[in-house]
Amino acid sequence: MAEKLPTALVKNKAGTFVAADMKSVTAAAAGAVKTIPEDFRVSITDPEGKDSYPIAAFTYLLVYKDMPGAKGQEFVKFLGWAMDAGQKQAQALQYAPLPGPIVAKVKEKIKTISTR
């Protein structure tokens, strides 16, 4: 990765030895698409899939359902940016982008935040 530290291949649930990289972490996240609950609390450690890195996790934000006022409106705009333009910048910042179906679920959840 960016620091050029040595890494090892790790054996995943499918028996494949996988490197830690953006593709393998995104593959791990993709395994959660079918089972991700409405509150997004899910583990992607040791997921299914031959290309999935077994030591992966999501980064979470805890967000109030009601965020009235200008600050709330701006924060909701930021969340929208994070799911659009922000996803395009993820790899350059050493983050694995979210799979499309998860981005779609997050966007739907963002719509439920009240800013009034």
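Described below are features of the structure shown in this document. The model shown is predicted, which means the values in this text are computed figures rather than measured ones.

1. A few points about unusual backbone geometry
Next, step 1: At Asp-46, a position not held by glycine, the phi torsion is positive, near 55°.
Next, step 2: Relative to the helices and strands, Asp-46 is located in the loop between α1 (22-30) and α2 (69-83).
Next, step 3: A relative accessible area of 35% places Asp-46 in the partly exposed class.
Next, step 4: Unusually for a residue other than glycine, Gln-94 sits at a positive phi of about 70°.
Next, step 5: Relative to the helices and strands, Gln-94 is located in the loop between α3 (85-89) and α4 (100-110).
Next, step 6: The exposure class of Gln-94 is partly exposed, given its relative accessible area of 37%.

2. What to know about the packing of aromatic side chains
Next, step 1: Counted by the stated rule, this structure contains 3 aromatic pairs.
Next, step 2: An angle of 80° between the planes, with centres 6.2 Å apart, marks the rings of Phe-58 and Tyr-60 as edge-to-face.
Next, step 3: Between Phe-78 and Trp-81 the ring centres are 5.9 Å apart and the planes differ by 25°, which places this aromatic pair in the stacked class. Placement of both Phe-78 and Trp-81 in helix α2 is noted, with a separation of 3 residues, approximately one turn of the helix.
Next, step 4: Residue classification places Phe-78 among the partly exposed positions, given a relative accessible area of 40%.
Next, step 5: Grouping aromatic residues by their ring pairs yields a cluster made of Phe-75, Phe-78 and Trp-81.

Reading the values: the criteria
- Residues numbered from 1 in each chain as written.
- Predicted model: local features only at pLDDT ≥ 70, side-chain atom pairs only at ≥ 80, totals over all residues.
- Heavy atoms only, no water.
- Helix = DSSP H or I, 4+ residues; strand = E, 2+ residues; numbered from the N terminus.
- Buried < 20%, exposed > 50% of the residue type's maximum accessible area, 1.4 Å probe, protein only.
- Phe/Tyr/Trp six-rings, centres within 6.5 Å; stacked < 30°, edge-to-face > 60°.

These figures come from the coordinates and say nothing about function on their own.
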